[in-house]
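Listed below, chain by chain, are the residues.
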Amino acid sequence: MAGTGSPRPAGPSAPGGLHTKLVESLGSAIAEGTLAEGSVIQIEELEERYAVSRSVVREALRVLAAMGLVAMRRRLGIQILPASEWNVFAPQVIQWRLASAGRFAQLRSLTELRGAVEPEAARLAATRAGEHETAELLELAGELWAAGQSADAERFLRVDTEFHRFILAASGNEMFAALHPSVAEVLAGRTHFGLMPSRPHPDALQLHMDVAAAIQRSDPDAAHAAMRAIMTRTMAELSELHAPGGPPSPGALPA
């Protein structure tokens, strides 16, 4: 994914590095089910298992608690919470679920969310985007076409992520725009877990051009229809990958 982040820790012995490693290890184990819902672990157990200080453990647990993955129970320990309590919009939670055996379910739920939101975002963008914005969107659509034709997966991912971010933002709805990190994670997950064709289908590329063109000419119904068609294609591709006799199930694909 494109974007900026925190500087890398100085090395594996740096406190930030230990904290990040522990958050990743525990979060992945919870998403995978290795640390089962309802189970209880002790701080002392984590200190010993990961050879880290109590302060590192407590800080990692605070991060996981903020995401709804664990709860610190007095006189009991650290309890693993059910998935119904998780902050399913947190990018790290999405990453861990995509890396687990439940990858397809995560992709499906995120794609269903996109199907509910992005067509309406495109409709709103067609009524609210300015001339400069629509010109930039058409440029992105052209760059996306070129990346798809050249089968450059990483470039395609980068431009596709920006294309969809742009439409969510151009909708003028700040809550739609705030969904971009979740959309970015599902786009990255499809690419990095081998759930994208090596070369995007021409129809998919054309539909992105259709969305941009409809927004430029301020045609909300056409923008909605073209984005809806993109989401329908995406869901169909995911279903085909998961169908019996199809390619390996998402959990079996290499990371």
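Before reading on, note that the structure itself is shown above.
Residues numbered from 1 in each chain as written. Predicted model: local features only at pLDDT ≥ 70, side-chain atom pairs only at ≥ 80, totals over all residues. Heavy atoms only, no water.

One finds Leu137, Phe163, Ile167, Val211, Ile215 and Met227 to be the most contacted residues of the largest nonpolar core, which totals 46 residues. Counting residues per element, the ones that place at least two in this core are helix H4 (91-98), helix H5 (103-128), helix H6 (131-149), helix H7 (153-170), helix H9 (180-192), helix H10 (202-216) and helix H11 (220-242). With nine residues, H5 is the single largest residue contributor to this core. Listed in part, the 25 residues of the second largest apolar core include Val23, Val57, Leu64 and Ile80. (Core = buried A, V, L, I, M, F, W, Y, C linked by side-chain atoms within 4.5 Å. Buried < 20%, exposed > 50% of the residue type's maximum accessible area, 1.4 Å probe, protein only. Helix = DSSP H or I, 4+ residues; strand = E, 2+ residues; numbered from the N terminus.)

Here the focus is the pairing of strand E2 (residues 70-73). Within a regular beta strand, the side chains point alternately toward one face of the sheet and then the other, so they alternate between its two faces. Of the strand pairs in this sheet, E2 and strand E3 (residues 77-80) are connected by four bridges, and their pairing is antiparallel. When the sheet's bridge partners are listed, Val70 is paired in E3 with Ile80. Linking E2 to E3, which pair antiparallel, is a turn of three residues; within it Arg75 sits at a positive phi near 65°. (Pairing = 2+ DSSP bridges.)

Remark: helix H2 (residues 43-50) packs on helix H3 (residues 54-66), axes separated minimally by 9 Å, with the N-to-C direction vectors making an angle of 115°. Here H2 lies roughly perpendicular to H3, going by the angle between them. In the crossing of H2 with H3, the sense of the turn from one axis to the other is right-handed. Every residue of H3 that contacts H2 at Ile43, Glu44, Leu46 and Glu47 is listed here: Arg54, Val57, Arg58 and Leu61. Residues of the contact of H2 with H3, tallied by class, amount to four nonpolar, no polar and four charged. (Axes fitted to C-alpha atoms, helices over the stretch in contact; angles between N-to-C directions. Parallel < 35°, antiparallel > 145°, perpendicular 65-115°, else oblique. Left-handed = near helix turned anticlockwise from the far one by under 90°. Contact = heavy atoms within 4.5 Å. Nonpolar A, V, L, I, M, F, W, Y, C, P; charged D, E, K, R; others polar.)

With that settled, consider the side chain of Ser182. The residue Ser182 is located in helix H9 in this model. The class of Ser182 is buried, set by a relative accessible area of 3%. Ignoring any residue separated from it by four or fewer positions in sequence, one finds Ser182 in contact with Phe89, Ile94 and Leu110.

Time to look at H9. Under the 1.5 Å per step criterion, the end-to-end length of H9 is 18 Å for 13 residues, consistent within 8% with the ideal 18 Å. The element H9 is largely enclosed, with a buried count of ten among its 13 residues. Downstream of H9 by one or two residues, Gly194 has phi in the positive range, about 70°. (Expected span 1.5 Å × (residues − 1).)

The next thing to look at is empty space enclosed by the protein. Any empty space left between atoms is shown by rolling a water-sized probe over those atoms. Tallying each qualifying case throughout the model produces three cavities of 30 Å³ or more. If you trace the largest cavity, you find 18 residues lining it, with Arg190, Met196, Ala204, His208 and Thr234 closest to the centre. Of the residues belonging to the lining of the largest cavity, the class tally is nine nonpolar, four polar and five charged. (1 Å grid on protein atoms, 1.4 Å probe; cavity = no way out; pocket = protein on both sides within 12 Å on 5 of 7 lines; lining within 4 Å. Points joined across faces, edges and corners; volume = space filled by probe spheres on them.)

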